[in-house]
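Residue-level listing of the chains:
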Amino acid sequence: MDAPALSLRRALARLREQGLAWIGRRVAHELAAPTTGPGKALFRARLDLLGLIRALRGGAPQQAAMETEFVTAFYDLAAAPVTYDVVWFIAGAELARRAAGKAGVHFVVVPAETDGLREETADYEQVVDREARRSRLVNLTLPAFSLLPAMRGITLATSRRHAQHIRDRADVVHPPAYEPSLPHFPEPQIVLRQAAAGQSCQVLESSTDARRIIARWLDRVAQGRRVVTITLRDYAFGSARNSSVATWAAFAHSLDPAVWCVVILYDTGRTVDPLPDEMAGFPYLHEASWNLPLRLALYEAAWLNLGINSGPMVMLAFTRARSITYRMVTEDVEQSSTAYMRRLGFIPGETPPVAHRFCKWVWEPDTPEVIRREFDAMVAAIEAAPPDFTR
């Protein structure tokens, strides 16, 4: 089935399951994060109109001292997801900082009108309800901001009116021309275009303390061996995207334990459960699944990181950690279908320009043959590279 027909089938299925209310939610989502041509054109027109109104008003209030030292980056929860997609936002804010020559980035989290968070689809809400998303705001979004070395502050706006007050005193903002009256989440194409033009996007780093903690742990469990992490996705939403534990366990057991130390990173929501029997016996640091600085420090310290398309693995494109991310598409899940990936600006079969030379996206299924082929090729490439690229 071709992409348009598949998209139509999914739309009809949503309409049958959720009724006419789904149309309203879909329109609202399109206004906040447009993916269609007409939606993007309408959004740009509205943004231009707000920019004109601000210019006619003379910009920020004259009596207010403007924030000129930093880029003010508004993470608007009326449009922004509470997921690892936040790393695209952070990268965009950092690129805006460089372009403006500012000293740092001030992140502002803007609450939505309804319970502080954007509306989600019914099937997503069943798996990740509002309380779970509030928890993610604390355990994922805010710690993610701290991974940007140029981060100079985080403000949790108490209301959209509070956010407007901050906006009126901001000099350079991200997303470009942001206004609280027009909440939106910037699309990856903005960052992809700048990366294609030569901008380095390795903008995330773990903290010094997190690196010290991971170093102590690895000294004990790795004992000088090369560390290879395997990140497992085991999630109730879009479960067709989940890792094949049997396949990855077979690969892990195939590695020479005298050379390689395999470390497992389990899905965050499953860390209270024991590892699958096939993975029993491999080192497993529960805390790294919950603590984002520790997770990134572990990825940075590893010789190589492996996994399938998931939030943590995509994050690695914005770090200096070496990685291979397999199975970039799963057609049965809309958010990882080829059509959806194209809409986001990715080219099927290619690693995006945000990644460095030892970060690869593999679009083929994670079969044993593909896992081994890409692993061996990356090992050879790393070993042949200059010393400053190897550990």
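Before any of the text, the structure's been laid out above.
To start, this report covers the structure provided alongside it. Just so it is clear, the structure is predicted and the values come from calculations on it, not from any experiment.

Some remarks on the packing of aromatic side chains
Part 1: Applying the stated rule across the entire model yields 18 aromatic pairs.
Part 2: Grouped by ring-pair contacts, the aromatic residues Trp248, Phe251, Trp260, Trp303, Tyr326 and Phe375 constitute a single cluster.

Remarks on the nonpolar core
Part 1: Of all hydrophobic cores here, the largest spans 69 residues; its most connected members are Trp88, Phe107, Phe145, Leu204, Phe318 and Val354.
Part 2: Looking at which element gives the most residues to this core, the answer is helix H4 (residues 86-100), with eight residues.
Part 3: Ignoring anything within four residues of it in the chain, the contact list for Leu204 reads Val87, Ile90, Leu147, Leu148, Leu296, Glu300, Met315, Phe318 and Thr319.
Part 4: Ranked by size, the runner-up nonpolar core spans 32 residues in total, among them Ile230, Phe251, Met279 and Phe358.

Observations regarding the sheet that holds strand S3 (residues 151-156)
Part 1: Taken together, four strands build an open sheet; the order of strands is S3-S2-S1-S4 and the sheet is parallel. Of all strands in the sheet, those bounded by a partner on one side alone are S3 and strand S4 (170-174). If you compare each strand with its neighbour and ignore which way they point, the axes differ by 30 degrees on average.
Part 2: For strand S2 (residues 104-110) and S3, the ladder comprises five bridges, and the chain directions are parallel.

Examining the sheet that holds strand S7 (residues 304-308)
Part 1: Pairing in this open sheet of five strands is parallel, and the strands run S6-S5-S7-S8-S9 from one edge to the other. Two strands lie at the open edges of the sheet, namely strand S6 (260-265) and strand S9 (359-361), each paired on one side alone. Shown here is a sheet whose adjacent strand axes are inclined to one another by a mean of 15 degrees, direction ignored.

Considerations on empty space enclosed by the protein
Part 1: Using the criterion set out here, one finds one cavity of 30 Å³ or more in the structure.
Part 2: Roughly 40 Å³ of internal volume is contained in the largest cavity.
Part 3: For the largest cavity, the full set of lining residues is Trp88, Phe89, Gly92, His174, Pro186, Glu187, Ile190 and Val191.
Part 4: Considering each element in turn, the lining of the largest cavity owes the most residues, three residues, to H4.
Part 5: Class assignment of the residues belonging to the lining of the largest cavity gives a composition of five nonpolar, two polar and one charged.

A short note on the pattern of salt bridges
Part 1: This model, assessed by the stated rule, comprises 19 salt bridges.
Part 2: Note that Arg270 is salt-bridged to Asp273, the shortest N-O span being 2.8 Å.
Part 3: The partly exposed category is assigned to Arg270, whose relative accessible area is 26%.
Part 4: Note that Arg373 is salt-bridged to Glu364, the shortest N-O span being 2.4 Å.
Part 5: Taking the relative accessible area as the measure of exposure, Arg373 reaches 39% and is therefore partly exposed.
Part 6: Residue Glu364 is classed as partly exposed on the basis of its relative accessible area, which comes to 33%.
Part 7: Ionic contacts of the salt-bridge type, sharing partners, join the residues Lys360, Glu364, Arg373 and Glu374 into one network.

Definitions and limits used
Residues numbered from 1 in each chain as written. Predicted model: local features only at pLDDT ≥ 70, side-chain atom pairs only at ≥ 80, totals over all residues. Heavy atoms only, no water. Phe/Tyr/Trp six-rings, centres within 6.5 Å; stacked < 30°, edge-to-face > 60°. Core = buried A, V, L, I, M, F, W, Y, C linked by side-chain atoms within 4.5 Å. Buried < 20%, exposed > 50% of the residue type's maximum accessible area, 1.4 Å probe, protein only. Helix = DSSP H or I, 4+ residues; strand = E, 2+ residues; numbered from the N terminus. Contact = heavy atoms within 4.5 Å. Pairing = 2+ DSSP bridges. Axes fitted to C-alpha atoms, helices over the stretch in contact; angles between N-to-C directions. 1 Å grid on protein atoms, 1.4 Å probe; cavity = no way out; pocket = protein on both sides within 12 Å on 5 of 7 lines; lining within 4 Å. Points joined across faces, edges and corners; volume = space filled by probe spheres on them. Nonpolar A, V, L, I, M, F, W, Y, C, P; charged D, E, K, R; others polar. Salt bridge = Lys/Arg side-chain N within 4 Å of Asp/Glu carboxyl O.

The values reported here are purely geometric and, on their own, carry no functional implication.
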